[in-house]
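Each chain, letter by letter, is given below.
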Amino acid sequence: MRLSLGASVAALAASASAASLDDVCTVSNVQSALPSNGTLLGINMISSAVTASIVYNGTAGRDSTGSYTYCNVTVSYEHTGKGDSVVIKYAFPKPSDFKKRFYVAGGAGFSLSSDATGGLGYGAVGGATGAGYDAFNNGYDDVVLYGNGTLNWDATYMFGYQALGEMTKIGKVLTRGFYGMASSAKVYTYYEGCSDGGREGMSQIQRYGDEYDGAITGAPAFRFGQQQVHHVFPATVEQTLDYYPSPCELAKIVNATITACDPLDGRTDGVISRTDLCKLKFNLSSIIGEEYYCAAETSTSLGFGFSKRADGTSTSYKPEQSGKVTAQGVKVAQAIYDGLHNSKGQRAYLSWQIGSELSDGDTQWNNASSKWELSIPSTGGEWVTKFIQLLDLANLPNLENVTYDTLVEWMNTGMVRYMDSLQTTLPDLTTFQASGGKLLHYHGESDPSVPAASSVHYWQSVRDIMYPHLSSRDSLKKLADWYQFYLIPGAAHCGKNALQPGPFPQNNMQTMIDWVENGVKPSRLNATVSSGTYEGETQMLCQWPTRPLWKSKSSFTCVEDKASIDSWTYSFPAFKMPVY
């Protein structure tokens, strides 16, 4: 009996799903599944470079605790006419485990994810790309310059958005072919990442919106032009005010603020769930005169990121510290929390929420002079030297002649130079929305690295651009159908906060899968308290722009508070161009 074309395709798919991993994890099967040259514009696959091998009982990325048997595949491609070579790793689940999903994981700092196995726990194929500059072994900051004064624009665009987009487009075609699916078959495609991984996710829905069904983006380190220079801002405040507080004095200011503002949200639990109320009602000057003490310590930092980590390994010594909080110390903290303004008093950027750790303002101890001295975080210093000044230096040597206006100039240079690559704040998400994409965006409210207000500002920009003619209520309703944003009370950068025992979301991917595949739209975000008095408590977090207000020790409501929302709203008149 002759089968129809549709029946043949269905039979083939059924046959593939019944196949063993040994049947499909072969070089020839991968080669036959590659997209034909010319089908993906500008991409030519290098068939001879394919490898395929089975990994038995391997571990998986994204904090998975299980073990998986999967097909480890590498493919390579070149950009038409360039003669380059980009290597991609893919991890294919056993056919019996495959749930018609493709998963992209974000990286951190200046790195893309080098692990392709993050999707195995979700029955998804996962990928990781070398981006053309061997991103498996190099950070983008290692290759950003060919030499002093010459930018590596190929690496910039690949890191900025292109490498992940191409990996996803190739991967989805390859997935269908690998498992014998029809070329038009649905492969649910998800993104998940935080910090620069959050920025990378935003780059994907901005540039490749029709490729993704769901994206989870945490604390996106986007708006590179402003964000990275902002890491230098606290040190510039200290130099401008000519006061270099000990880390212990800054820590006392932060901890005293947490203690004072904790009850404002209706529950005393060690967490500022309403930093907006703290900003509106608490005066830092009330801390002046409070005593502080810190024991001597030797600490080591390792690795590069966006939250108080240095490039390489470094050891620092802090002597015993004690004293009383000074007016000068409070003035420094207040200036940092107020954010950067130019010499005309015009705002240039937002800053961390009051009560956030002031780690970028930490000074360093000089044994020779027995004084606390300026310390410039490499997260900001390297950005200025390599990306703004185009000098192959790992950090700024000093802040000689650097003023607030200098920081604004650096920000403006970075914003303009990298507008179409690293800034990653395009607010028109029409393609993603029209394709049915869903976005879960979250940010720790007390993030000491990427300010929480940075995410609020992007959300506001998307709302204004996508729904300019709708009423406030109608635009909120429309946006929540596909883009939901959540502030995580007390949380730090992409994780829980040692200073505040608050909740943190645990099941974002399951929430996203239910939303995309089953139509279960969330209205609150599931989070769990991991330490402190309320350890183990489940909190369903408020969707922005509503804010939590505890009515008892065990329950809170999500309220609308105009004064609070206004405190999160910024404009930046120091720049001539819009800052999205």
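Check the entry above for the structure.
Below is a summary of the structure that appears in this document. This structure is a prediction, so every number in the text was calculated from the model and none was measured.

In this section: unusual backbone geometry. The peptide bond linking W544 to P545 adopts the cis configuration, its omega dihedral lying at 15°. Among the structural elements, P545 can be located in the loop between β21 (538-541) and β22 (547-550). Positive phi, close to 60°, is recorded for C494, a residue that is not glycine. With respect to the helices, strands and loops of the structure, C494 is situated in the loop between β18 (483-488) and β19 (503-505). Looking at C494, the relative accessible area reads 28%, which means it is partly exposed.

Right, let's get into the nonpolar core. Ranked by internal contacts, the top residues of the largest apolar core, which has 128 residues, are V75, Y90, Y140 and Y483. Sorting elements by how many residues they give to this core places helix α5 (residues 153-178) first, with 10 residues. Residues contacting Y140, with those up to four places away along its chain left out, are F110, Y133, A155, T156, F159, F387 and L422. Residues C194, I488, F504 and W515 belong to the second largest nonpolar core, which totals 20 residues.

Now for the pattern of salt bridges. Side chains carrying opposite charge are able to pair once their charged atoms draw close together. The final tally for this structure, using the stated rule, is 16 salt bridges. For E290, the salt bridge is made with K252, and the minimal N-O distance between the two is 3.6 Å. Of this pair, E290 sits in the loop between α10 (275-281) and β11 (291-294) while K252 is found in helix α9 (residues 247-261), placing the two residues 38 residues apart along the sequence. For E290, a relative accessible area of 30% puts it in the partly exposed group. Residue classification places K252 among the partly exposed residues on the basis of a relative accessible area of 23%. The partner of D276 in a salt bridge is R274, with the nearest N and O atoms 2.8 Å apart.

Attention shifts here to the environment of L120. On the secondary structure map, L120 appears in the loop between β5 (101-105) and β6 (124-129). Look at L120 and you get buried, because its relative accessible area is 6%.

This brings us to a nonpolar patch on the surface. There is a patch of nonpolar side chains on the surface, built from V416, M419 and M577 and spanning about 230 Å² of accessible area. Turning to its location among the elements, V416 is positioned in helix α13 (residues 404-417). With relative accessibility at 46%, the residue V416 sits in the partly exposed group.

Bringing the state of the cysteines into the picture now. Note: disulfide means a covalent bond formed between the sulfur atoms of two cysteine side chains. Enumeration according to the criterion identifies 5 disulfides in this entry. Paired by a disulfide, C248 and C294 hold their sulfur atoms 2.1 Å apart. Linking C248 and C294, the disulfide has an S-S dihedral of approximately 85° and is accordingly described as right-handed. Note that C248 is positioned in helix α9 and C294 in strand β11, a separation of 46 residues in sequence. A disulfide bridge connects C542 with C558, and the sulfur atoms are separated by 2.1 Å. Every disulfide takes its handedness from the sign of the S-S torsion; for C542 and C558 that torsion is -90°, giving left-handed.

The rules behind the values
Residues numbered from 1 in each chain as written. Predicted model: local features only at pLDDT ≥ 70, side-chain atom pairs only at ≥ 80, totals over all residues. Heavy atoms only, no water. Helix = DSSP H or I, 4+ residues; strand = E, 2+ residues; numbered from the N terminus. Buried < 20%, exposed > 50% of the residue type's maximum accessible area, 1.4 Å probe, protein only. Core = buried A, V, L, I, M, F, W, Y, C linked by side-chain atoms within 4.5 Å. Contact = heavy atoms within 4.5 Å. Salt bridge = Lys/Arg side-chain N within 4 Å of Asp/Glu carboxyl O. Patch = residues over 30% accessible without salt bridge, like charges linked within 9 Å, V, L, I, M, F, W, Y side chains within 5 Å. Areas by Shrake-Rupley, 256 points an atom, 1.4 Å probe, with all protein chains shown as cover. Disulfide = S-S within 2.5 Å.

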